[in-house]
Amino acid sequence: MRKEIVINSTPREVRVAILEDGELVELLIEREDSRRTVGDIYLGRITAVIPGIQAAFVDIGQERAAFLHVSDVATGSIDPDLLDDEEFILNRKTRELPPIENLLKKGQEILVQVRKEAIGTKGPRITSQLSLPGRYAVLMPDLDHIGVSKKIDSRRERHRLRSVVRRHRPKGAAIIVRTAGAGVSSDQLRDDIRYLEKLWKEIRSKVERATPPSLVHEDVEITIFALRDLFSEHVDQIIIDRKEEYDRLRSYLKSFAPQLASRVRLYRDKLPIFDQYEIEDEIEKTLERKIWLKKGGYIVIEHAEAMVAIDVNTGRFTGKKDQEETILETNLIAAREISRQLRLRDIGGIIVVDFIDMEREENRRKVYNEFRNAMRKDRSRARVYPISDLGLIEISRKRVRPSLLHYYSDECPYCSGSGKVLSIESMAMKVEHWIRRIGSLKNERGIQFRVNPILGVYLREEREENILELARAHRLKVEIVDDPRMHREDFEIFTQDGSRNLKTEFT
C-alpha cells in the first residue's frame, strides 16, 4: 500500500491529508483562530468539586471550565494503545478509587493536560497525569514504569528497547516507547529521552513562575505533529506547498530522523495541491449525508445527540446472482467504505451501523471480519462488537476533537440541527388557528401578521380566500405584512395600529 501525506499550508489555515493508494482516509485541519489544544498543559484552579459525579471542574482560561474525573487524578491516564504490560493496565483498572473530595479542594492549583477538546456544550476533558510525546518515546512524570507499544511485535526488539530505556530513563518518570521507535538506534532513543527530560524541566520552571489559569506548555502545531506522530518508514513521501514550511520540516527531520528527510518534497505546480491530488472534491463530500458506493449501493450517515447511525442500502445495485449474494457484496463494500468514512470524518463516540439483513450466519461473519480488518488501519482506538441478529454492528471509537462535520459547519439557524422545518402549508394553518383564537377570545377590530416573505407570498396567493372567510366570520380585518427579519417558522401578531403584540398576551 502506497501511503502519502499531503500538506496545504497558508498563513490562516493548514490542512494535512493522508492518502492510502491515492484515496483520502484522514484529514487534519488547524486554523489561525481555532488551533488544536490536545496535549497542551495548563496550570489551572479548581472551581468546583462534585462528589455526585466524582469529578471536578477546573478553570484553565478557556471559555468553558475543563472536566477532570477522579480516574484521571488517582490512577493516571496512560493510553492502553501504548502499553504492552497487561498486569500494569489491570492494576490501574481494578484499583479502588478514593473519593474525589479526598483528593481535590475548591480553589486548589493543579497542573493538567488536555485529553479531549471541547465538543458541543462540553468543556475540554483533562488529566492531571501528564504525558510528553517525542518522536520515539513518551515521558510521563511521577510514574515508575517502562512500556513498549503493543504494535511492535518482535520479542527481541521489545527486549532491546526496554534495555535502552532502563539505562537512560530519568528518575521519577515513566517512559513508553512508541511504534516509531522500532528499529531505531540506542543513540536516537537516548537523545529523544533526553530531549523530553529537558522539556519537562522547562515546563516545571514555567509552572513555578505562573499564576493560574496559565498555559505553561503548548503542544506542537499541526505540521510538526504530522512528522512526529504520522511520518514513519511506512510513509512514502510528504508533499507540502509552502517553501518556509518545507525548509522547517526538513530541518526538523534532519535532527530527529535524518534517514527520512529525503522523503519530504516541495510542491511547485501552479494547480493548487489539493486539486492536483483530487482532495478538494473529497472534502466537499464529507459534508453530505449520503455516500454512493461502487456498483450502485449507498450509505447514509446521521448524527444524533448521543450516537451516530449509519444505514446501508443496495440502491441501484441489483447483482447478477441471488438476492443474498447481492446483499453480501453490498455489505462488504459498505464495510470498507464505512471504516474509511469514520477515519476521514473523525467520527467518535458510539456508532451503530445497520447493515442489510443477511439470512446466512456465514455471510454475517464475513461482513464482521471485513469490517474489523478495515478498522485495524484506524489510528484512533476503536472497538467493534459482533454483528447482532438484526444486522447491527456497534462501534465505540475514541473521540478527542469535534468531527469534521462540526468543524466545517454551524448549526442551521432555521432547523436548529433537526434537519427539518415546518412546511409552508403547516405555517399557514398556524396563522388560521391564531385568527380563530384571537377572534374568539379578544375584542379586536383588526390584526396584523408580520411574517417571513416566503410565508407572506403563500398566504396572499394560495390562502387568501380562507383568510378572508375567517376574517368575516370573526368580524376582523386581517393584514399580512412581510418582514425579512422573521424566521421562516415564526411570526408576530399585532393590533391594527401596531401598539400591542397580541401573541405575547397568550404566553
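Up top is the structure these notes are about.
Predicted, not measured: the structure shown is a model, and the values here were computed from it.

1. Quick notes on the pattern of salt bridges
Between side chains of opposite charge, a pair can form when the charged atoms approach closely. Applying the stated criterion to the full structure yields 42 salt bridges. Measuring nitrogen to oxygen at the nearest pair gives 3.7 Å for the salt bridge that ties Arg15 to Glu13. Of the two residues, Arg15 and Glu13, neither departs from the other in class, the shared state being buried. The partner of Glu444 in a salt bridge is Arg500, with the nearest N and O atoms 2.9 Å apart. Taken together, the residues span a long stretch of sequence, with Glu444 in the loop between helix H12 (424-441) and strand S22 (446-451) and Arg500 in the segment after strand S24 (491-495) at a distance of 56 residues. The exposure class of Arg500 is partly exposed, given its relative accessible area of 34%.

2. Here we look at the environment of Pro170
With respect to the helices and strands, Pro170 occurs in the loop between helix H3 (155-168) and strand S12 (173-177). Residues Pro170 and Arg135, spaced 35 residues apart in sequence, show a C-alpha to C-alpha distance of 17 Å. In this structure Pro170 touches Leu139, Ile175, Ile193 and Glu197, once residues within four positions along its chain are discounted.

3. Observations concerning the pairing of strand S21 (residues 392-397)
Every second residue of S21 is oriented toward a common face, the buried set being Ile393, Ile395 and Arg397 and the non-buried set Leu392, Glu394 and Ser396. Here strand S19 (residues 349-354) runs beside S21; their pairing, made up of six bridges, is antiparallel. Along S21, the bridge assignment pairs Ile350 with Ser396. With three bridges joining them, strand S20 (residues 382-384) and S21 adopt antiparallel strand pairing. When the sheet's bridge partners are listed, Val384 is paired in S21 with Ile395.

4. Focus: the packing of helix H9 (residues 323-345) against helix H10 (residues 361-375)
The N-to-C vectors of H9 and H10 enclose an angle of 20°; their axes lie 9 Å apart at closest approach. With respect to their mutual orientation, H9 and H10 come out roughly parallel. Classified by chirality, the crossing of H10 by H9 is right-handed. Contacts from Glu324, Leu328, Asn331, Leu332, Ala335, Arg336, Ile338, Ser339 and Leu342 of H9 reach H10 at Asn363, Lys366, Val367, Glu370, Phe371, Ala374 and Met375. For the contact of H9 with H10, the residue count by class is nine nonpolar, three polar and four charged.

5. Side note on unusual backbone geometry
Residue Pro213 follows Pro212 across a cis peptide bond; omega there is -5°. For Pro213, the location among the structural elements is in the loop between helix H4 (186-209) and strand S13 (214-217). We note that Asp142 has phi near 65°; this positive angle belongs to a residue other than glycine. Within the element layout of this structure, Asp142 appears in the loop between strand S10 (137-141) and strand S11 (146-148). Asp142 sits in the exposed class, given a relative accessible area of 68%. Of note, the phi angle at Glu278 is positive, near 55°, even though the residue is not glycine. By secondary structure assignment, the location of Glu278 is in the loop between helix H7 (273-276) and helix H8 (279-285).

6. With respect to H12
For H12, spanning 18 residues, the distance from its first C-alpha to its last is 26 Å, which sits close to the expected 26 Å at 1.5 Å a residue. Taken as a whole, H12 has its buried residues at Ile424, Met427, Ala428, Val431, Glu432, Trp434, Ile435 and Ile438. Buried residues of H12, seen end-on, are gathered within an arc of 155° and therefore sit on one face of the element. More than 90 degrees from the buried face of H12, the exposed residues found are Ser440 and Leu441. Buried residues along H12 sit against S22, helix H13 (453-462), helix H14 (464-473), strand S23 (477-482) and S24.

7. A few points about a negative patch on the surface
Residues Asp275, Glu278, Asp281, Glu284 and Glu288 make up a contiguous surface patch of negative charge. Relative to the elements of secondary structure, Asp281 occurs in helix H8. On the basis of relative accessible area, Asp281 is assigned to the exposed category, the value being 55%.

8. Description of the nonpolar core
Counting 51 residues, the largest nonpolar core has Ile5, Ile7, Val16, Leu132, Leu189, Phe231 and Leu253 as the members making the most contacts within it. Once residues within four sequence positions are removed from consideration, Leu189 is found in contact with Tyr136, Ala137, Leu161, Val164, Val165, Val177 and Val184.

9. Some words on the packing of aromatic side chains
All chains considered together, the criterion is met by four aromatic pairs. Between Arg437 and the ring centre of Trp434, over which it is positioned, the NZ or CZ distance is 4.4 Å.

10. Re the side chain of Asp378
Mapped onto the elements, Asp378 comes out in the loop between H10 and S20. Overall, Asp378 belongs to the buried group, its relative accessible area being 7%. Within polar-contact distance, the side chain of Asp378 engages the side chain of Arg397 at 2.6 Å.

11. Examining the environment of Pro51
On the secondary structure map, Pro51 appears in the loop between strand S4 (41-50) and strand S5 (55-59). Considered as a pair, Pro51 and Gly22 are 29 residues apart in the sequence and their alpha carbons are 51 Å apart.

Thresholds, definitions, all that
Residues numbered from 1 in each chain as written. Predicted model: local features only at pLDDT ≥ 70, side-chain atom pairs only at ≥ 80, totals over all residues. Heavy atoms only, no water. Salt bridge = Lys/Arg side-chain N within 4 Å of Asp/Glu carboxyl O. Buried < 20%, exposed > 50% of the residue type's maximum accessible area, 1.4 Å probe, protein only. Helix = DSSP H or I, 4+ residues; strand = E, 2+ residues; numbered from the N terminus. Contact = heavy atoms within 4.5 Å. Pairing = 2+ DSSP bridges. Axes fitted to C-alpha atoms, helices over the stretch in contact; angles between N-to-C directions. Parallel < 35°, antiparallel > 145°, perpendicular 65-115°, else oblique. Left-handed = near helix turned anticlockwise from the far one by under 90°. Nonpolar A, V, L, I, M, F, W, Y, C, P; charged D, E, K, R; others polar. Expected span 1.5 Å × (residues − 1). Arc of directions from axis to C-beta. Patch = residues over 30% accessible without salt bridge, like charges linked within 9 Å, V, L, I, M, F, W, Y side chains within 5 Å. Areas by Shrake-Rupley, 256 points an atom, 1.4 Å probe, with all protein chains shown as cover. Lys, Arg positive; Asp, Glu negative; His and termini not counted. Charge placed at Lys NZ, Arg CZ, Asp CG, Glu CD. Core = buried A, V, L, I, M, F, W, Y, C linked by side-chain atoms within 4.5 Å. Phe/Tyr/Trp six-rings, centres within 6.5 Å; stacked < 30°, edge-to-face > 60°. Lys NZ or Arg CZ within 6 Å of the ring centre and 35° of its normal. Polar contact = N/O pair within 3.5 Å; in protein donor to acceptor, adjacent residues only side chain to side chain.

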